[in-house]
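Geometric and topological summary
Listed below are the residues making up each chain.
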Amino acid sequence: MKELRIHEVLVKKRKARGLTQDALAEEMGVTKASVSKWETGQSYPDIMLLPRLATFFNISIDELMGYTPQMDAASVRRSYEYFSKKFAKEEFTVVYEEVKDYIKKYYACFPCLVQMMVLLINHHMLAQEDSLKKEVLGEIITMARRIKEESQDLWLTKQANSFEATAQMLLGEPLEVLELLDGTLLPIGGDEVLLASAHQMRGEMEEAIHVLQVSLYQHVMNFLSMGASYLQLVAADEEAFGEGVKRFFPVAKALDLLKLHPNIEGQLTFSAAHGYMVQGKKEEALGMLKRYVKAC
């Protein structure tokens, strides 16, 4: 949650140039007292002076102001964790207002917007009023559309489209979901195989292995995540449900899914518990619920 640091930047840049406050004041056509107030944070330079100051120190206006419109991956993760913890402890409306201010501040950082969409999807149900839930889902849709219109990153735009579809589904708009997702589902085993082969041809075996490891991870996680949805759909069909459990859970166990991806472990075990309850198998359901609680 960085604030503008123009006073710190001015002090640092002025001293790096070996200038006194008097000298900088003379260059900018202001008084020494004005420079002093800038550097102590008591006031800010006039907006018309910002280009002159930035040019004088050979930096951008963003750098002059200490403003970073883009965040690194670690900062994006920390922002999610920060707000997630606040949602768990504080009133939803208060935290939501803070999240909205944060989104405005980093509206040009598309990876950050993607994480904020995930955050709001995961916590929107904490809103007490249906009208507020709809507002939150509308905020997600707005961010998703901005990313799709402005970002040149295909992976980010694909994520944004998926989250917009999720929000539309939660709003009860299946036709919107169909329009968003029609034709976007790609066959498994695409460009990653080609990319790995290219690395292999260049003798870059570690890179080739890494590409396939990442792809395998993504596809297996998708398989298990879809497995959770599948078990929900066939809960009343005891035979199909039983076959699904036989296929999905050995894979989850082999991968130690609880440690690798506890969220998907939670989805899978909750779906299984639901299916067992539909079939009246309370002991099996209780066992799955215990695993679900552990994942949570």
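See the structure above.
Overview of the structure. (Residues numbered from 1 in each chain as written. Predicted model: local features only at pLDDT ≥ 70, side-chain atom pairs only at ≥ 80, totals over all residues. Heavy atoms only, no water.)

1. A closer look at the layout of surface pockets
Taking a probe equal in size to a water molecule and rolling it over the atoms shows the remaining empty space. We count it as follows: Computed over the protein atoms alone on a 1 Å grid, cavities are sets of points where a 1.4 Å probe fits but cannot get out and pockets are open sets with protein on both sides within 12 Å along at least five of seven lines; a residue lines them when it has an atom within 4 Å of a point. Grid points are joined across faces, edges and corners, and a volume is the space filled by probe spheres set on the points. Helical segments are the DSSP runs of H or I of at least four residues, strand segments are the runs of E of at least two, and each set is numbered from the N terminus. In this count, Pro and Cys sit with the nonpolar residues alongside Ala, Val, Leu, Ile, Met, Phe, Trp and Tyr, while Asp, Glu, Lys and Arg are called charged and the others, Gly among them, polar.
Here the second largest pocket defines a volume of roughly 270 Å³. In this structure, the second largest pocket is lined by A73, V76, R77, P111, V114, Q115, V118, L156, Q159 and F163. Looking at the lining of the second largest pocket, the elements that each hand over two or more residues are α6 (73-89), α8 (110-123) and α10 (154-170). The element that contributes the greatest number of residues to the lining of the second largest pocket is α8, accounting for four residues. Of the residues belonging to the lining of the second largest pocket, the class tally is seven nonpolar, two polar and one charged.

2. Details of the pattern of salt bridges
Rule in force here: Think of a salt bridge as a Lys or Arg side-chain nitrogen and an Asp or Glu carboxyl oxygen that are within 4 Å of each other. Buried residues are those whose accessible area, probed at 1.4 Å on protein chains only, stays under 20% of the maximum for their type, while exposed residues exceed 50% and partly exposed ones sit between those limits.
Throughout the structure, instances matching the rule amount to twelve salt bridges. Between E39 and R14 there is a salt bridge whose closest N-O contact spans 2.6 Å. Here the residue E39 occupies a position in helix α3 (residues 32-39), and R14 occupies one in helix α1 (residues 6-16), the gap between them amounting to 25 residues. Both residues of the pair, E39 and R14, count as buried. Between E98 and K86 there is a salt bridge, and its shortest N-O distance comes to 2.7 Å. Of this pair, E98 sits in helix α7 (residues 92-105) while K86 is found in helix α6, placing the two residues twelve residues apart along the sequence. Through salt bridges that share partners, K86, E90 and E98 make up one connected network.

3. Quick notes on a nonpolar patch on the surface
To keep it simple, the criterion reads: Exposure above 30% relative accessible area and no salt bridge define the residues that can form patches, which grow by joining like charges within 9 Å and nonpolar side chains of Val, Leu, Ile, Met, Phe, Trp and Tyr within 5 Å. Note on areas: Shrake-Rupley, 1.4 Å probe, and residue coverage restricted to the protein chains presented here.
A cluster of nonpolar side chains, V193, L212 and L216, forms an exposed patch at the surface whose accessible area comes to about 270 Å². Note on placement: L212 falls in helix α13 (residues 205-233).

Nothing here speaks to function; it is geometry throughout.
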